[in-house]
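# What the coordinates show
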Amino acid sequence: MALGTATMVTNTNAALRHYTTPENRSTGFNVYYLIMNIGAMIAGAFVFDGFRNMFGTVKGNLIIFDFSFAMAVMTFVCAWFITNKHAEEKAAEKAAEKAADPTPEKTPLQIFAEVWKESAFQKLVLFLILTLGVRLVFTHQTMVMPKYYLRTLYNDFELGLVNSLNPAIIVVGLILLIPIINKFDTVKLLVFGMAISALSILFLAVPNSWILAIPGVENMNQAYVYIIVAQIFVFAIGELIFSPRFVEYTASVAPKDKVASYMGLSALPMFIARPINGFVSGILIAGYSYEGIRAKIDTGNISYMDSPEWMWMIYFILAAISPIAIVALRNFLKSDNPDNDKPADTAH
């Protein structure tokens, strides 16, 4: 799955860069992200909860895997016919290019060594590393949130429905905001989106006593539901601003003849960071959001420093580093490919 994801994402982003112009590139990446979130919304609200409610948790999970496999096969078949529609023309073009330039094709290691020497790629890698704090918040939505929901609320919590709120907000937001978002500078939107995504974690870090003091909040379940929904809503706003711009920026700073190489190699920091994040998240969940934590919360026999809220404060601090670091190094991170920056230079 990792190999398939890496190949699919790299080629999709390279194709978006190839088939769009600087004038409509932002719209292209927005539409791509819109379609992706429509799928995520359907999967959460109807597939995940639908099959589990209809067939039970164990059998429902197995059917979800079967359904996913069937969808993957259908997608492969469709992609096969689309890509092979002009296969002969593409083969002829490739043969002509090879005849004009008989230089042997480079190995992956040669491509990596060549790309790594370029200043533009080194700056891109630094940019990607600096954004890891916020980008890992996105993995928390699937790695940490489900355990947090079930252990602070109740076991029959509708995970699929709640997880579909995020893509639903993104779909509506992108439809409404695409004409407005496209008018602004890409890097400024990246920083703004990162800041909002990081700030969303603060809702989960607020002490329970503060939430219970709000008029209309009558018990702990309501308090947790309110902060969870607030976090999802604010995070979705930050994501719909940040994520399309992030992919667009990564594709735009690459030289035109090395887009696929840049997109593929630029995924390395995230692939390296995810296992580390999983390890750290496991430690934090075991220490601050373990089985039975809700009983301690209800009795008040737990301090803030030992609560799930402190775990989210740690996550917030890590996430907040990203926008601060990008702003501090913004002049150094400017692209070495001025032609690729033209849309940003003319932005309002």
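What you see as residue numbers is a count from 1 along each chain, following the sequence as written. This being a predicted model, a pLDDT of at least 70 is required before a residue's local features are given, and a value of 80 or more before pairs of side-chain atoms are given or counted; all residues contribute to the totals for chains, interfaces and linings. To get the side-chain values, all heavy atoms of the structure are used, and hydrogens and water are removed first.

### Considering the overall build of the protein
The condition that has to hold: Here a helix means four or more residues in a row that DSSP labels H or I, a strand means two or more in a row labelled E, and each is numbered from the N terminus. Under the scheme applied here, a residue whose accessible area is under 20% of the maximum for its type counts as buried, over 50% as exposed, and between as partly exposed, the area being computed with a 1.4 Å probe on protein chains only. We call two residues in contact whenever any of their non-hydrogen atoms come within 4.5 Å of each other. Accessibility throughout is a Shrake-Rupley quantity obtained with a 1.4 Å probe, and a residue counts as covered only by protein chains that appear here.
When you go through the protein residue by residue, the secondary structure sums to 18 helices and zero strands. Going through the 348 residues of the protein one by one, you find that 41% of them count as buried. Excluding contacts between residues fewer than 6 apart, the proportion of contacts in the protein whose partners are at least 24 apart in sequence is 80%. Carbon and sulfur atoms make up 70% of the accessible area of the protein, which amounts to about 19,400 Å² in all.

### Description of a nonpolar patch on the surface
Quick reminder of the rule: Only residues whose relative accessible area exceeds 30% and that take part in no salt bridge are eligible for patches, with like-charged residues grouped when within 9 Å of each other and nonpolar side chains (Val, Leu, Ile, Met, Phe, Trp, Tyr) grouped when within 5 Å. What makes a salt bridge here is a side-chain nitrogen of Lys or Arg within 4 Å of a carboxyl oxygen of Asp or Glu, nothing more.
A contiguous nonpolar patch, built from F112, W116, L268, I272, I276, F279, V280 and I283 and spanning about 770 Å² of accessible area, is present on the exposed surface. Elements that contribute at least two residues to the nonpolar patch include exactly α5 (108-116) and α15 (268-288). Here the element with the most residues in the nonpolar patch is α15; it accounts for six residues. Owing to a relative accessible area of 48%, I283 belongs among the partly exposed residues under this scheme.

### Regarding the pattern of salt bridges
Taken as a whole, this structure holds two salt bridges when the rule is applied. Among the ionic pairs, E291 bridges to R151, the shortest N-O distance being 3.8 Å. Of this pair, E291 sits in the loop between α15 and α16 (293-299) while R151 is found in helix α8 (residues 145-152), placing the two residues 140 residues apart along the sequence. According to the relative accessible area criterion, E291 is exposed, its value standing at 62%.

### Overview of the side chain of S322
Convention followed: For this analysis, a polar contact is any N or O atom pair within 3.5 Å, provided that within protein one partner can donate a hydrogen and the other can accept it, and provided that sequence-adjacent residues contribute only side-chain to side-chain pairs.
Relative to the elements of secondary structure, S322 occurs in helix α17 (residues 308-328). Take S322: its relative accessible area is 1%, and that puts it in the buried class. Engagement of the side chain of S322 in a polar contact is seen with the backbone nitrogen of G133, the distance being 3.1 Å. Polar contacts involving the side chain of S322 include one to the main-chain amide nitrogen of V134, which spans 3.2 Å. Apart from the residues lying within four places of it in its own chain, the contact partners of S322 are L130, T131, L132, G133, V134 and M194.

### Let's talk about helix α2 (residues 25-55)
Test applied: Multiplying 1.5 Å by the helix residue count minus one yields the expected span of that helix. Bending is quantified residue by residue as the angle between axes fitted to the seven-residue window ending at that residue and the seven-residue window starting at it.
Its 31 residues give α2 an end-to-end C-alpha distance of 43 Å, which sits within 8% of 45 Å, the value for a rise of 1.5 Å per residue. Where α2 bends most, at A43, the angle is about 40°. Restricting attention to buried positions, one finds in α2 the residues R25, S26, G28, F29, N30, Y33, L34, N37, G44, V47, D49 and F51. Among the residues trailing α2, G56 stands out with phi positive, at a value near 95°.

### Looking at the confidence of the model for the protein
What counts here: What pLDDT conveys is the predictor's confidence in a given residue, as a value from 0 to 100.
Chain-level statistics for the protein give a pLDDT mean of 81 and a share of 87% at 70 or above. The secondary structure element of the protein with the lowest average pLDDT is helix α18 (residues 342-345), at 38, and the one with the highest is helix α11 (residues 202-205), at 93. Confidence drops under pLDDT 50 across residues 338-348; counting only partners more than four residues distant or on other chains, this segment forms 14 contacts.

### Regarding the packing of helix α7 (residues 132-143) against helix α13 (residues 220-252)
Quick note on the threshold: Note on definitions: angles span 0 to 180 degrees between N-to-C directions of axes, and those axes are lines fitted to C-alpha atoms, for helices only across the stretch in contact. Under this scheme an angle from 65 to 115 degrees is roughly perpendicular, one under 35 degrees roughly parallel, and one over 145 degrees roughly antiparallel; angles in between are oblique. Take the far helix as the reference: if the near one is turned anticlockwise from it by less than a right angle, the crossing is left-handed, and if turned clockwise, right-handed.
Direction vectors running N to C along α7 and α13 enclose 130°, while the axes themselves pass 11 Å from each other. Regarding the angle of α7 to α13, the classification is oblique. As α7 packs across α13, the resulting crossing turns out to be left-handed. Counted together, R135, V137, F138 and Q141 of α7 and Q231, F235, E239, F242, S243 and F246 of α13 form the full contact between these two elements.

### Examining the nonpolar core
Just so we agree on the cut-off: In these notes, a set of buried Ala, Val, Leu, Ile, Met, Phe, Trp, Tyr and Cys residues joined through side-chain atoms within 4.5 Å is what counts as a nonpolar core.
Among the nonpolar cores identified, the biggest contains 61 residues, and L124, F127, Y148, I228, M311 and W312 are the most heavily contacted of them. At twelve residues, α13 tops the list of elements feeding residues into this core. Once you skip the residues sitting within four places of it in the chain, Y148 turns out to touch L204, Y224, I227, I228, S289, P308, E309, M311 and W312. In terms of nonpolar packing, the next biggest core, distinct from the first, is built from 13 residues, L174, I181, I196 and I241 among them.

### Focus on the environment of I302
Tracing the backbone through its elements, the reader meets I302 in the loop between α16 and α17. The residues contacting I302, other than those within four sequence positions of it, are I293, K296, I297 and S307.

### Quick notes on α13
One turn of the α-helix equals 3.6 residues, which is why residues spaced by three or four share an orientation. Helix length check: α13, at 33 residues, gives a terminal C-alpha distance of 47 Å against a target of 48 Å (1.5 Å per residue), a fit within 8%. The largest bend in α13 is about 30°, located at E239. Within α13, 24 of the 33 residues are buried, leaving the element largely enclosed by the surrounding structure. N-cap assignment for α13: the residue whose side-chain oxygen lies 3.2 Å from the backbone N of N221 is N219.

### Let's talk about the packing of aromatic side chains
Stated precisely, the cut-off is as follows: Paired rings are identified among Phe, Tyr and Trp, the last through its six-membered ring, by centres lying within 6.5 Å, and are further divided according to the angle between planes into stacked (under 30 degrees), edge-to-face (over 60) and tilted (the rest).
In the structure shown here, the tally under the stated rule is eleven aromatic pairs. Ring centres 6.2 Å apart and planes at 55° place the aromatic pair Y148 and Y149 in the tilted group. What makes Y149 buried here is its relative accessible area of 1%. Among the aromatic residues, those joined into a cluster by ring pairs are Y148, Y149, Y224, W312 and Y315.

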